[in-house]
Amino acid sequence: MSKQLLVDFIPFEITPQVLSEARSANPNAPLRVRGVLQRAGQKNFNGRIYPMPVLQREAKKYEEVIKERRALGELDHPDSSVINLKNVSHNVCEISWNGNDLVGTIEILTTPSGNIARELIKNNVRLGISSRGLGSVRPLGENTVEVQDDFELLCFDLVSSPSTRGAYMNLTEGVIKEGANQPITTDRKALDKYLQIENIMRDILSEIR
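Conventions and cut-offs
- Residues numbered from 1 in each chain as written.
- Predicted model: local features only at pLDDT ≥ 70, side-chain atom pairs only at ≥ 80, totals over all residues.
- Heavy atoms only, no water.
- Core = buried A, V, L, I, M, F, W, Y, C linked by side-chain atoms within 4.5 Å.
- Buried < 20%, exposed > 50% of the residue type's maximum accessible area, 1.4 Å probe, protein only.
- Helix = DSSP H or I, 4+ residues; strand = E, 2+ residues; numbered from the N terminus.
- Contact = heavy atoms within 4.5 Å.
- Polar contact = N/O pair within 3.5 Å; in protein donor to acceptor, adjacent residues only side chain to side chain.
- Phe/Tyr/Trp six-rings, centres within 6.5 Å; stacked < 30°, edge-to-face > 60°.
- Pairing = 2+ DSSP bridges.
- Expected span 1.5 Å × (residues − 1).
- Salt bridge = Lys/Arg side-chain N within 4 Å of Asp/Glu carboxyl O.
- Axes fitted to C-alpha atoms, helices over the stretch in contact; angles between N-to-C directions.

S.K.: Looking at this structure, how should I read the nonpolar core?
M.R.: Soluble globular proteins tend to pack their nonpolar side chains together in the buried interior. Tyr-62, Val-92, Ile-95, Ile-106, Phe-151 and Phe-156 are the most contacted members of the largest nonpolar core, which totals 34 residues. For this core, the elements supplying multiple residues, two or more each, are β2 (31-39), α2 (52-67), β5 (88-98), β6 (101-108), α3 (112-122), β9 (144-147) and β10 (152-159). Not counting residues up to four positions away in its chain, the partners in contact with Val-92 are Tyr-62, Ile-66, Ala-71, Thr-105, Ile-106 and Phe-156.

S.K.: Explanation requested: the side chain of Asp-157 in the structure shown.
M.R.: Along the polypeptide, Asp-157 turns up in strand β10. The exposure class assigned to Asp-157 is buried, which follows from its relative accessible area of 0%. Here the side chain of Asp-157 touches Glu-74 through a polar contact of 2.9 Å, landing on its backbone nitrogen. Sequence-distant contacts of Asp-157, defined by excluding residues within four places in its chain, comprise Gly-73, Glu-74, Asp-76, His-77, Pro-78, His-90, Gly-128, Ile-129, Ser-130 and Arg-132.

S.K.: Would you explain the packing of aromatic side chains in this entry?
M.R.: Aromatic ring pairs: the centre-centre distance and the angle between the two ring planes describe each pair. A complete count under the given rule lists two aromatic pairs for this structure. On the basis of an interplanar angle of 80° and a centroid distance of 5.4 Å, the ring pair of Tyr-50 and Phe-151 is categorised as edge-to-face. Here the residue Tyr-50 occupies a position in the loop between β3 (48-49) and α2, and Phe-151 occupies one in the loop between β9 and β10, the gap between them amounting to 101 residues. The exposure class assigned to Tyr-50 is buried, which follows from its relative accessible area of 1%. For Phe-151, a relative accessible area of 1% puts it in the buried group. For the ring pair Tyr-62 and Phe-156, a centre distance of 5.5 Å and an interplane angle of 80° mean the geometry is edge-to-face. In this pair, Tyr-62 is assigned in helix α2 and Phe-156 in strand β10, connecting sequence segments 94 residues apart. The same class applies to Tyr-62 and to Phe-156, which are both buried.

S.K.: How should the sheet that holds β3 be read in this particular structure?
M.R.: Through backbone hydrogen bonds, the strands of a sheet pair up, either in parallel or in antiparallel fashion. Taken in spatial order, the three strands of this open sheet run β3-β9-β8, and their pairing is mixed. Unpaired on one side and paired on the other, β3 and β8 (137-141) mark the two borders of the sheet. Relative to β9, β8 is paired through four bridges, and the arrangement is antiparallel. Pairing of Arg-138 across the sheet is with Glu-146, part of β9.

S.K.: Would you mind going over α2 with me for this structure?
M.R.: Along an α-helix, a turn takes 3.6 residues, which lines up residues three or four apart on a common side. An ideal rise of 1.5 Å per residue puts 22 Å on 16 residues; α2 measures up with 23 Å between its terminal C-alpha atoms. Every buried residue of α2 is listed here: Val-54, Leu-55, Glu-58, Ala-59, Tyr-62, Val-65 and Ile-66. Summarising the contacts, the buried residues of α2 are in contact with β2, β4 (72-74), β5, β6 and β10. Immediately beyond the C-terminal end of α2, within one or two residues, lies Arg-69, with a positive phi of roughly 50°.

S.K.: Whenever I open this one, α3 confuses me. Can you help?
M.R.: Those residues of α3 that sit buried are Ser-113, Gly-114, Ile-116, Ala-117, Arg-118, Leu-120 and Ile-121. Positive backbone phi, at 60°, marks Asn-124, one or two positions downstream of α3.

S.K.: Where do I start with the pattern of salt bridges in this structure?
M.R.: Pairing between side chains becomes possible if they bear opposite charge and their charged atoms approach one another. Applying the stated criterion across every chain, the model contains twelve salt bridges. Note that Lys-61 and Glu-58 form a salt bridge whose closest N and O atoms lie 3.2 Å from each other. With a gap of three residues between them, Lys-61 and Glu-58 both fall in helix α2, about one helical turn apart. A relative accessible area of 3% means that Glu-58 is categorised as buried.

S.K.: In this structure, what is going on with the sheet that holds β2? I would like to understand it.
M.R.: Read from one edge to the other, the open sheet built from four strands follows the order β2-β6-β5-β4, with strand pairing classed as antiparallel. The sheet terminates laterally at β2 and β4, the two strands that pair on one side only. Taking the axes of each pair of neighbouring strands and ignoring which way they run, one obtains an average angle of 40° across the sheet. Bridge count for β4 against β5 is three bridges, and the pairing is antiparallel. The partner of Glu-74 across the bridge, within β5, is Val-88. Packing of α2 onto the sheet brings it into contact with β2, β4, β5 and β6, and relative to β5 it is tilted by some 130°. Packing against the sheet, α3 makes contact with β2, β5 and β6, and its axis sits at approximately 65° to β5.

Take a look at the structure:
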């Protein structure tokens, strides 16, 4: 099977603590968020299931990229396997496993796209994490596919469309912690809201390019 670009999303929500930090007097102060980047063994909104062995292998490889401070990501999710440096908004600082969840810390950079992300956070806009990779999938049933062993993790982007069920995060004074009791957003109205925000983000990005 030929490889395709696989993009999957996880939303997180903003708390008053991080809003206070984002609105601090120093606009260049580091802003870090922490939460779930990807989840193994569970079907997401795109109908994909990522096997644990595949994600574990790719996470281990990605740790080397993190050590070299090359774990960059873009604002929005381009239809490309290439990370466009002019659109970089953040850098992944570390990752670890919490059960089936791949959790990580992300630093929002003071690049043009990073500043847009910071402003969206300041205005309490819910963003999300999008894993981007190359690989093939195998059908398991109706509207369900399994990501295969040839999957290659490329990066994590900041986006607005969710695909992983119940993977909400809470920002707290410099970090995001996963909310154990957060509601699961699977209804059409919620998805439409995320898509509206995504369109706004696209308009903003097109104006600065």
